[in-house]
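Understanding the architecture of this molecule
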Amino acid sequence: MMSDLSSKYDPAEVEGKWYQHWMNSGFFKSQPDSNKEPFTIVIPPPNVTGVLHMGHMLNNTIQDILIRKARLDGKNACWVPGMDHASIATEAKVVKRLREKGIKKSDLSREDFLAHAWEWKEEFGGVILEQLKKLGASCDWDRTRFTMDEKYYESVIDTFIHLYEKDLIYRGYRMVNWDPEALTAVSDEEVIYTEEQSKLYHVRYQIEDSDEFVTIATTRPETILGDTAICIHPKDERYLHLHGKRALVPIVNRSIPIILDDYVDREFGTGCLKVTPAHDVNDHELGQKHGLESIDILNANGTLSEAAEVLIGEDRFDARKKIKPMLEEVGALIKVEDYQNKVGRSERTNSIIEPRLSKQWFVKMQPLAEPALAAVESGDIRFHPNKFKNTYRHWMTNIKDWCISRQLWWGHRIPAFYFGEGNDHFVVAKSAEEALKKAREIDPSLAMSDLRQDEDVMDTWFSSWLWPISVFDGFYNRDDLNYYYPTSDLVTGPDIIFFWVARMIMAGYEFEKKRPFENVYFTGIIRDKQGRKMSKSLGNSPDPIELIEKYSADGVRLGLLMTAPAGNDIPFDDAICEQGRNFANKIWNALRLIKSWKVEDKPVDVVNEKALSWLQHRINKEQVSIDANYSKYRLNDVAMSLYKLIWDEFCSWYLEAIKPAYGESIDQQTYDATIFQLEKLMTMLHPIMPFITEEVWHNLRERNNVDCVFLAEWPEATSYEELSILSFGNAKQIISEVRSIRAQKNLSPRETLDVYQPGDEGAYKDFSTIIQKLANVNLKNAEIPEGPNASFIVGTMEFSVPLEGLIDASAEVAKLEEELNYQEGFMKSVSKKLANERFMNNAPAQVVDAERKKMADAESRIASIKEKLSTLK
RNA sequence: GGGAGUUUAGCUCAGUUGGUUCAGAGCACCUCGUUUACACCGAGGGGGUCGGGGGUUCGAAUCCCUCAACUCCCACCA
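A short tour of the structure in this document, coming up. Counting from 1, residues in each chain are numbered in the order their sequence is written. Whichever chain is written first is A, and whichever ligand is written first is 1; the rest continue in order. At least 70 in pLDDT is required for a residue's local features to be given in this predicted model, at least 80 for side-chain atom pairs to be given and counted, and no such filter applies to totals for whole chains, interfaces and linings, which use all residues. The side-chain quantities take in all heavy atoms of the structure and omit both hydrogens and water.

1. Concerning the overall build of chain A
Filter applied, for reference: Numbering of helices and strands runs from the N terminus, with a helix taken as a DSSP run of H or I at least four residues long and a strand as a DSSP run of E at least two residues long. Two things to know: the radius of gyration comes from C-alpha atoms, and the globule rule equals 2.2 Å times the number of residues to the power 0.38. For every residue, the accessible area obtained with a 1.4 Å probe (protein chains only) is divided by the maximum for its type, and the residue is called buried under 20%, exposed over 50%, and partly exposed between those limits. Residue contacts are counted whenever heavy atoms from the two residues lie within 4.5 Å of one another. For the accessible areas, the method is Shrake-Rupley and the probe is 1.4 Å, while residue cover comes only from the protein chains on display. Here Asp and Glu are counted as negative and Lys and Arg as positive; His is not counted, and neither are the chain ends. Note that the charge is assigned to NZ on lysines, CZ on arginines, CG on aspartates and CD on glutamates.
A tally of regular secondary structure across chain A gives 27 helices and 31 strands. The globule rule puts the C-alpha radius of gyration for 873 residues at 29 Å, and the 37 Å found for chain A is more than 25% above it. For chain A, the C-alpha atoms occupy an extent of roughly 115 × 65 × 55 Å along the three principal directions. Across the 873 residues that make up chain A, the buried fraction comes to 53%. The long-range fraction of contacts in chain A, counting pairs at least 24 apart against all pairs at least 6 apart in sequence, stands at 77%. Summed over all atoms, the accessible surface of chain A reaches about 39,300 Å², with 48% contributed by carbon and sulfur. Charge centroids of chain A, computed over 108 positive and 137 negative side chains, lie 2 Å from each other.

So this is what it looks like as structure tokens:
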């Protein structure tokens, strides 16, 4: 029997085998079924360009656990996978690849470029989904969606039109965050600000028709070329006399006004501010307020434009270097200091963001935010951990309009059609035909050839925010949507709470009038041992597939989970996966042990009967807490519970208790019950470690193809006897104490010892046979015989092991005195409490009773220690 | 500059409404062990004045004040 199970669990073959089996059996599939309660998760769609990293591993492990648990709970579990087209990231990759082939994007037509992009997508896209299968992800792969699928695409366009018609989308000439590398606008959320070392240049401007100068401080001297005013504080007496005069911009000698505004911080720099309305958000506002001219000295790609007059065509950073000697030459540069400031960089290209005036499409957020904020505030949607509510509230109450147009081709094209001169006349329509119809209502003479569709596409997140709806094609077919929506849980990282979570909630209420999900589980961020974020550039991110090969998917899953309370960052170390692997091996060997037993139809052994009864109580008790932890999303606690339940209680105590002696057999009844209990444990562990549990399940008894733990039922928690657990706890303590004595005295475990215990044995009596077996002792409920002996106390019971010739009386005395000291200290503190009138008056009766009991227990312990000491001395 | 959060054993974290001498778990560590499931193991063991200080209370890891350190989010200071 034993021979066909190796002593080491080999996950590689097992994991592949069961995944294939589940897939082939269609276990992952879900269809609406009005007789079953749905449980839905939509995957946070990875970028089509993405490869699996540790963040995905954690995130998808958790989703898989929730989905598998729901299945065991008898729900119709549906996990929808998919991918995000990731407009800017993908386009960058495609452009790069074309460049490597010697093709420039600018030489291609939109259609040709998109053809290349789709080709790229077909070739490289979706690697990550294949990798997820290795992890065990039980997604309904037939439902795999892509944000640019035909129906999905249509839904994005339709929602754009819907919002436009509701006046919630508008086109505006605004200062936006411009990425000069990707050549597109990006949203506020896509800009990452970091502290960087830079320089503060002090530059003086001559006052027109005077010998006087005014000095300003700037970190961007090249923008001097776009200055259209100098601004001073209206109460700053140092400069007030200059108000109304004009200053000359160095190098280009343009005359600009000197204006007053209390926006200026008198303490900063020189207290004078140069105003460049085209290149700074605040300056832009000042410009509008004071009616200043706006000179845009930069081209889209970050080089200086004709308007700069000098250094035309130079990159903005080269220009900054080159303008320094030029300023020196005209005597305008006073000094340069080191300075630390915040610089905004593009999330995608990492290039420094340029505030730029341009015409873009915006979504009015305020009206959308209101119901979305209320939903989270009221608990209609719950965050786990709850603390992210604060972050969410803060953002939602200070929400700004969302710039959704991107000057890219890969994405959902804005359905606006322009006609006539310039881009001021347009209609928004689903198709060119419809657009023409609408346009003709304005100008009947228009022909199709007069219409020009907007070249831009929408922000990726403008499609992702529809994810929970559009994966079900919900705008066009209500069958699936009505059943699966709202989805149950969303599992994601806190880093995309604004990008995605908040916006999905808005879209949910706007388009479906319902929350998109009930619960949001925020995972932590995976860091390396030193606490750094994992990143490609640091090279500190392990390859998840290699990890799986080394530790098994089950091992990695458990490892990730054990150290990951929701929302806490995880300092990742391979060693935590080792723990998972070891655990799988432990389970495997428990299986081997059980399967190796010779089974006989014979009366149930009393040891087995008691052990089994205890185990059942013990499992039931743990199950109550496991169920509670599941409902609180404390999955790491669930994992820990099962780990200890299986390893310590089932393997170390129960199996050791019932294990037949060498050559002996086990009774049929206990054997069957043991298998049943292990099946129960495997069912409970299955969501966390799906593969080993399935393998064990099928090895425990003959089963057919559909009798899988995958389809099992989550065991129902039944009541348990606390007393049984307590008295087994006493038994464990007694066993440990005896083992400890053996260890200290160097006694062989094979030598049976006598253990005397006078008085009441009620607190362990049920398990005395187990104690005798596991500690290899003869328990004697009798007075302790005269002579040297080692002793210990469990509860209020005293135990003694006569050890002729092995006892060092003085050491024993010292040990007992220490114990006595401790007990007396304890009693003193308790009696102090009981003597305290205020305690007696204020403390609840049960607390007082507990103290009294402690007192009594301590007294009896002290008495027996003293007696013991007197015999020794 | 504003807001939130964290601080308990070497590491990662539990500790419910203040009440057992309550300071706990896992890992790591130390000692012993070739016992016929498993050395990816077993048995035993050491380790923290609960960030500092003050206060409330009969009683504080838990409540209040204060200081310190760290993390994250938001914000237009050139």
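2. Section: the environment of Ala-300
Topologically, Ala-300 is positioned in the loop between α7 (281–290) and α8 (316–329). Placed 105 residues apart in sequence, Ala-300 and Glu-195 show a C-alpha to C-alpha distance of 25 Å. Dropping the residues within four chain positions of it, Ala-300 is found in contact with Trp-178, Pro-180, Leu-183 and Arg-356.

3. A word on the sheet that holds strand β22 (residues 487–492)
Through backbone hydrogen bonds, the strands of a sheet pair up, either in parallel or in antiparallel fashion. To be explicit about the condition: Each pair of strands is called paired provided DSSP finds at least two bridges between the two strands. Interaxial angles span 0 to 180 degrees and are taken between N-to-C directions of axes, which are lines fitted to C-alpha atoms, for helices over the stretch in contact.
The three strands are arranged β15-β23-β22 in an open sheet whose pairing can be described as parallel. Unpaired on one side and paired on the other, β15 (382–384) and β22 mark the two borders of the sheet. Here the average twist between neighbouring strands, direction ignored, is 20 degrees. As judged from the three bridges shared by β15 and strand β23 (residues 517–522), these two strands associate in the parallel manner. Each residue of the ladder has a partner; that of Arg-382, found in β23, is Asn-519. The strands touched by helix α2 (residues 54–72) within the sheet are β22 and β23, with β22 carrying the most contacts at an inclination of about 160 degrees.

4. What to know about the protein's contact with RNA strand B
Applicable threshold: Here a residue is considered near a molecule or strand provided that any single heavy atom belonging to it is located within 4 Å of it. Any pair of nitrogen or oxygen atoms within 3.5 Å is treated as a polar contact; in protein, a donor-acceptor pairing is required on top of that, and neighbouring residues in sequence qualify only through side-chain atoms on both sides. Only Asp, Glu, Lys and Arg are considered charged, only Ala, Val, Leu, Ile, Met, Phe, Trp, Tyr, Cys and Pro nonpolar, and every remaining residue, Gly among them, polar.
By nearness alone, 59 residues border RNA strand B, and Asp-265, Phe-268, Trp-647, Tyr-662 and Tyr-822 come closest of all. Those atoms of RNA strand B that come within 4 Å of the protein belong to sugar or phosphate at a rate of 58%. One of the side-chain nitrogen or oxygen atoms of Asn-282 is found 2.8 Å away from a sugar or linking oxygen of RNA strand B. Among the elements that make up the surface near RNA strand B, the one with the highest residue count is helix α18 (residues 574–596) (nine residues). When grouped by side-chain class, the residues that make up the surface near RNA strand B number 23 nonpolar, 18 polar and 18 charged.

5. Here's the deal with the packing of aromatic side chains
Where two aromatic rings form a pair, the distance of their centres and the angle of their planes describe that pair. So the rule is basically this: Ring geometry is summarised as follows: Phe, Tyr and Trp rings, the Trp one being its six-membered ring, pair when their centres sit within 6.5 Å, and such pairs are stacked at plane angles under 30 degrees, edge-to-face over 60 and tilted between the two. Think of it as a cone above the ring: NZ of Lys or CZ of Arg counts as a charge over the ring if it is within 6 Å of the ring centre and within 35 degrees of the ring normal.
Tallied over the entire structure, the rule returns 46 aromatic pairs. For the ring pair Phe-462 and Trp-465, a centre distance of 5.2 Å and an interplane angle of 40 degrees mean the geometry is tilted. An identical accessibility class is assigned to Phe-462 and Trp-465; each is buried. Of note, Lys-121 hangs over the ring of Phe-146, and the distance from its end group to the ring centre comes to 4.3 Å.

6. Overview of the sheet that holds strand β14 (residues 354–363)
Strand order in this open sheet of four strands is β6-β5-β14-β16, and the pairing throughout is antiparallel. Because the sheet does not close on itself, it has two edges, and the strands there are β6 (184–186) and β16 (402–403). As paired elements, strand β5 (residues 169–179) and β6 share three bridges and run antiparallel to each other. By the bridge assignment for β6, Asp-179 is matched with Thr-184.

7. Topic: unusual backbone geometry
Apart from glycine, the bulk of residues carry a negative phi angle, and the bulk of peptide bonds sit in the trans form. Residue His-384 is joined to Pro-385 through a cis peptide bond whose omega torsion reads 0 degrees. Checked against the element boundaries, Pro-385 lands in the loop between β15 and α10 (388–397). Between Tyr-485 and the following residue, Pro-486, the backbone shows a cis peptide bond with an omega angle of -5 degrees. Within the secondary structure layout, Pro-486 lies in the loop between α14 (478–484) and β22.

8. Observations concerning the nonpolar core
To keep it simple, the criterion reads: Each nonpolar core is a collection of buried residues, namely Ala, Val, Leu, Ile, Met, Phe, Trp, Tyr and Cys, held together in the definition by side-chain atoms within 4.5 Å.
Within the largest apolar cluster, 202 residues are counted, with the highest numbers of intra-cluster contacts made by Phe-383, Phe-462 and Ile-688. No other element matches helix α20 (residues 635–658), which puts 14 residues into this core. With sequence-adjacent residues up to four places away left out, Phe-383 is seen in contact with Val-376, Phe-388, Lys-389, Tyr-392, Ile-497, Val-501, Ile-505, Val-520 and Phe-522. Counting 29 residues, the second largest nonpolar core, distinct from the first, contains Ile-232, Ile-295, Leu-304 and Leu-327.

9. Considering the pattern of salt bridges
Condition: We define a salt bridge as a side-chain nitrogen of Lys or Arg found within 4 Å of a carboxyl oxygen belonging to Asp or Glu.
Summed over all chains, the structure comprises 55 salt bridges. Here Lys-69 and Asp-73 are joined by a salt bridge, their closest N and O atoms 2.8 Å apart. Residue Asp-73 is classed as partly exposed on the basis of its relative accessible area, which comes to 36%. A salt bridge links Glu-354 to Arg-220; the nearest nitrogen and oxygen atoms lie 2.7 Å apart.

Honestly, it's all geometry; don't read function into it.
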